[in-house]
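# Commentary on secondary and tertiary structure
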Amino acid sequence: VQLQASGGGLVQAGGSPRLSCAASGRTFSRYAAVGWFRQAPGKERECVAAISWQGSKTDYTDSVKGRFTISKDNAKNTVYLQMNSLKPEDTAVYYCALDETIIVVSVTRKLWASWGQGTQVTVSS
């Protein structure tokens, strides 16, 4: 599986960019899910949002609840991360990942099979 993340850049605090994660064009299993991760300098990578490929089960980490929205377009094999009310502490490299063995969609999941390259999001104050 190939994943292509895009949409990062320099954003002012309070801005609302949208990240995209395009997956290689094939049918994924019913247990597939996509997660958006971020890693800030000196910090561990964390999953901020995840969504099931079938249906629309989602999960968010507490720090982004109410500000970030994960969604998908199955026809385009693309998952989005709409980020609103950005804060300087949201600055990080954002990655998307996919796994096809997920029964419960959770941002606490550690093992993901396929990763996209990162896209930098820098929030200026």
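Okay, so let's go over this structure. (Residues numbered from 1 in each chain as written. Predicted model: local features only at pLDDT ≥ 70, side-chain atom pairs only at ≥ 80, totals over all residues. Heavy atoms only, no water.)

## A word on the overall build of the protein
Helix and strand counts for the protein come out as zero helices and eleven strands. For the protein, the α and β elements follow one another from N to C terminus as β-β-β-β-β-β-β-β-β-β-β. A compact globule built from 125 residues should have a C-alpha radius of gyration of about 14 Å, and the protein, at 13 Å, falls within 12% of that. The dimensions of the protein, computed from C-alpha atoms along their principal axes, are 40 × 25 × 25 Å. Each of the 125 residues in the protein was classed as buried or not, and the buried ones make up 45%. Considering only intrachain contacts with a sequence separation of at least 6, the fraction spanning at least 24 residues in the protein is 58%. (Helix = DSSP H or I, 4+ residues; strand = E, 2+ residues; numbered from the N terminus. Rg over C-alpha atoms; globule rule 2.2 N^0.38 Å. Buried < 20%, exposed > 50% of the residue type's maximum accessible area, 1.4 Å probe, protein only. Contact = heavy atoms within 4.5 Å.)

## A few points about the sheet that holds strand β3 (residues 18-23)
If you walk across this open sheet you meet the four strands as β1-β3-β8-β7, and the pairing is antiparallel. A single partner strand is all that each edge strand has here, and the edge strands are β1 (3-6) and β7 (68-73). Averaged over all pairs of adjacent strands, the angle between their axes in this sheet comes to 15°, without regard to strand direction. With four bridges connecting them, β1 and β3 associate as antiparallel partners. Looking at β3, one finds that A5 is bridged to C21. (Pairing = 2+ DSSP bridges. Axes fitted to C-alpha atoms, helices over the stretch in contact; angles between N-to-C directions.)

## Notes on the state of the cysteines
Summed over all chains, the structure comprises one disulfide. Two residues, C21 and C96, share a disulfide whose sulfurs are 2.2 Å apart. Classification of the bridge connecting C21 and C96 rests on its S-S torsion, roughly 75°, and on that basis the disulfide is right-handed. Of this pair, C21 sits in strand β3 while C96 sits in strand β9 (residues 92-99); the two residues are 75 residues apart in sequence, bridging distant segments of the chain. (Disulfide = S-S within 2.5 Å.)

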